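# Tertiary structure, described
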Amino acid sequence: MQTLHWDGSVIKAIDQCLLPHQEVVLSLDDVDGLIAAIQRLAIRGAPALGVAGALGVALSARLRTGDGRLDEEAVRADAERIASARPTAVNLRWGVTRALSVLSEGAAAVEAEALRVLEEDERVNHDASSRAADLIIDLCPSRPLRVLTHCNAGGLATAGKWGTALGAVFELAARGAVESVVVDETRPLLQGARLTAWELGRAGIPYRLCVDSAAASLMKRGLVDCVIVGADRIAANGDVANKIGTYSLAVNAAHHRIPMIVVAPESTVDEELADGDLIVIEERAADEVRSAHGVLVAPADAEAFNPAFDVTPAELLTAVVTERRVMARAALPARVR
Ligand code: MRU
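To keep things clear, this report deals only with the structure shown in the data block. Everything numeric here is computed off the predicted structure, so don't read it as measured data.

Here we come to the side chain of glutamate 323. Along the chain, glutamate 323 turns up in the loop between strand S17 (319–321) and strand S18 (326–328). Although glutamate 323 is buried, it makes no salt bridge; arginine 324 carries the closest opposite charge, 5.2 Å away. In terms of polar contacts, glutamate 323 uses its side chain to reach the backbone amide nitrogen of glutamate 266, at 2.9 Å. Those residues in contact with glutamate 323, other than ones at most four positions away along the chain, are Val124, Asp127, Ala128, Arg131, Ala264, Pro265 and Glu266.

Listed below in structure tokens is the structure:
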């Protein structure tokens, strides 16, 4: 199953809000529908947002062409609305910008560029995750590994079947190096419980689902060899924004001397931001915290604060791995540098 694709006139996307119990494919035939799908997290995960951004501009260019004339101004306005639909993952604006770069050549050129973004996605993420697997094999000599991951950085967070952090787990498993995966449930929206568990189950990789607050204790008890997560934005100094809870994992992993690896495509690197303090953190609705999967669990009038991401300082990370490089805190074995 492909997370996102283009059928020539509409964007097809698995509705991730309904997984794991219903597998429904959305047909998005206008920009407002795409923006709504992004904002309610039917389409989510940084690389998938990049592809959705590019396809959204292709959709707009198609709809804004009449009598052989493309209304560039209207497409640019749509593009800005798409790029602003969620603020933290830089991939969304990156994908929009890629597609817009050929706007003056017409709707067919925009569509072709968006399809290139889509096609590159799987290859790029495969390269990053295989490089990360090499690194982890070198860093963690005792195997098979007990890997901990947070949120969902699998095929569902990209356009294709191959993820970033979870892609590294798939790669390690293919090399016989995974004993089991600790899956953080990832409150409040349960991307770990709903999506990562679903992907690992389909891949036949053993996993155990844990509440987020179990991670430190599991590390202390020697039940975690390595933490692997994705990223939404990586600042020029290597600070990483990712799903809320990642920073706590990094603090705990550093305390227990467990490697903490980030896997992401280069399109997640934002060279324009000097450090992570400049990253805009999306704040989502208080009801997501007051409720658990749609059921109110707190007083209806409880005050709640819901930052969707946090920033982990570079010095807490063992390495950030992309399809092109390994950015490391300390000297790593020569083979993986
Ligand atoms: O709010 P989400 O579900 O879009 O958050 C997703 C994450 O934080 C992922 O870890 C990140 O986008 C990397 S996905 C390869």
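Relative orientation of the contacting elements helix H6 (residues 165–174) and helix H7 (residues 191–203) amounts to 20°, with a least axis distance of 12 Å. In terms of orientation, H6 and H7 fall into the roughly parallel class. When the axes of H6 and H7 are compared, the crossing they make is right-handed. Together, Leu166, Val169 and Phe170 of H6 and Thr196, Glu199, Leu200 and Ala203 of H7 make up the contact between the two elements. Its residues assigned to classes, the contact of H6 with H7 comprises five nonpolar, one polar and one charged.

Our focus in this paragraph is the pattern of salt bridges. In total, this model carries 21 salt bridges according to the counting rule given. A salt bridge links glutamate 288 to arginine 284; the shortest N-O distance between them is 2.9 Å. A cluster of three or more residues bridged by salt bridges with shared partners is formed by Asp32, Arg64, Asp78 and Arg81.

Now for the packing of helix H3 (residues 72–83) against helix H4 (residues 90–100). The relative placement of two packed helices comes down to the angle between their axes together with the axis-to-axis distance. Put simply, H3 and H4 touch, their axes get as near as 9 Å, and they point 160° apart. Taken together, H3 and H4 sit at an angle that is classed as roughly antiparallel. H3 and H4 meet at a crossing whose hand is right-handed. Of the residues in H4, those touching H3 at Val75, Arg76, Ala79, Glu80, Ile82 and Ala83 are Leu92, Arg93, Val96 and Leu100. Per-class residue counts for the contact of H3 with H4 are seven nonpolar, no polar and three charged.

Around the ligand lies a shell of 18 residues, among which Arg44, Arg86, Asp232, Asn242 and Lys243 are the nearest. Within the backbone of glycine 45, a nitrogen or oxygen atom sits 3.1 Å from an oxygen atom of the ligand. Between the ligand and alanine 46 there is a distance of 2.9 Å, counted from an oxygen atom to a backbone nitrogen or oxygen. About the coverage of the ligand: the protein hides 100% of its 410 Å² of free accessible area. Put simply, the ligand lies in the largest cavity. By residue class, the composition of the shell around the ligand is eight nonpolar, six polar and four charged.

The next point concerns the sheet that holds strand S16 (residues 309–312). Spatial strand order, S13-S10-S11-S16: four strands in an open sheet with mixed pairing. If you trace the sheet from one side to the other, it starts and ends with strand S13 (269–270) and S16, each paired once. For strand S10 (residues 233–235) and strand S11 (residues 240–243), the ladder comprises two bridges, and the chain directions are antiparallel. Among the inter-strand pairings, isoleucine 234 is bridged to a residue of S11, identified as valine 240. Against the sheet, helix H9 (residues 246–255) makes contact with S11 and S16, and its axis sits at roughly 35° relative to S16, the strand it touches most.

The rules behind each value
- Residue numbering note: each chain is counted from 1, following its sequence as written.
- Where totals are concerned, whole chains, interfaces and linings use all residues; where local detail is concerned, this predicted model gives features only for residues with pLDDT of at least 70, and gives and counts side-chain atom pairs only at 80 or more.
- Each side-chain value is derived from all of the structure's non-hydrogen atoms; neither hydrogens nor water enter the calculation.
- Strands here are runs of E lasting at least two residues and helices are runs of H or I lasting at least four, both read from the DSSP assignment and numbered beginning at the N terminus.
- Partly exposed residues are those whose accessible area sits between 20% and 50% of the maximum for their type, while under 20% is buried and over 50% is exposed, using a 1.4 Å probe and protein chains only.
- Positive residues here are Lys and Arg, negative ones are Asp and Glu, while His and the chain termini are left out of the count.
- Every case where a carboxyl oxygen of Asp or Glu lies within 4 Å of a side-chain nitrogen of Lys or Arg is listed as a salt bridge.
- Each polar contact in these results corresponds to two N or O atoms within 3.5 Å; when the atoms are within protein, one needs to be able to donate a hydrogen and the other to accept it, and residues that are neighboring in sequence are counted only if both atoms are side-chain atoms.
- Here a residue-residue contact requires only that any non-hydrogen atoms of the pair lie within 4.5 Å.
- Axis geometry follows a simple rule: fit a line to the C-alpha atoms, using only the stretch in contact for helices, then measure angles between N-to-C directions, giving values from 0 to 180 degrees.
- Should an angle lie under 35 degrees it is considered roughly parallel, over 145 roughly antiparallel, and from 65 to 115 roughly perpendicular; all remaining angles are considered oblique.
- Definitions for this section: a left-handed crossing has its near helix turned counterclockwise from the far helix by less than a right angle. A right-handed crossing has that turn clockwise.
- Amino acids outside the nonpolar list (Ala, Val, Leu, Ile, Met, Phe, Trp, Tyr, Cys, Pro) and the charged list (Asp, Glu, Lys, Arg) are all regarded as polar, and Gly is one of them.
- The nearness test applies per residue and asks whether one of its heavy atoms lies within 4 Å of the molecule or strand.
- Here the open area of atoms and residues is found with the Shrake-Rupley method and a 1.4 Å probe, where only the protein chains shown may cover a residue.
- Lining residues are defined by having an atom within 4 Å of a point belonging to a cavity or pocket. Those points lie on a 1 Å grid over the protein atoms alone, cavities being sets where a 1.4 Å probe fits but cannot get out and pockets being open sets with protein on both sides within 12 Å along at least five of seven lines.
- Whether a molecule lies in a cavity or pocket depends on its atoms, and more than half of them have to be within 2 Å of the grid points.
- Whether two strands pair depends on DSSP finding at least two bridges between them.

Any link to function would need more than the numbers given here.
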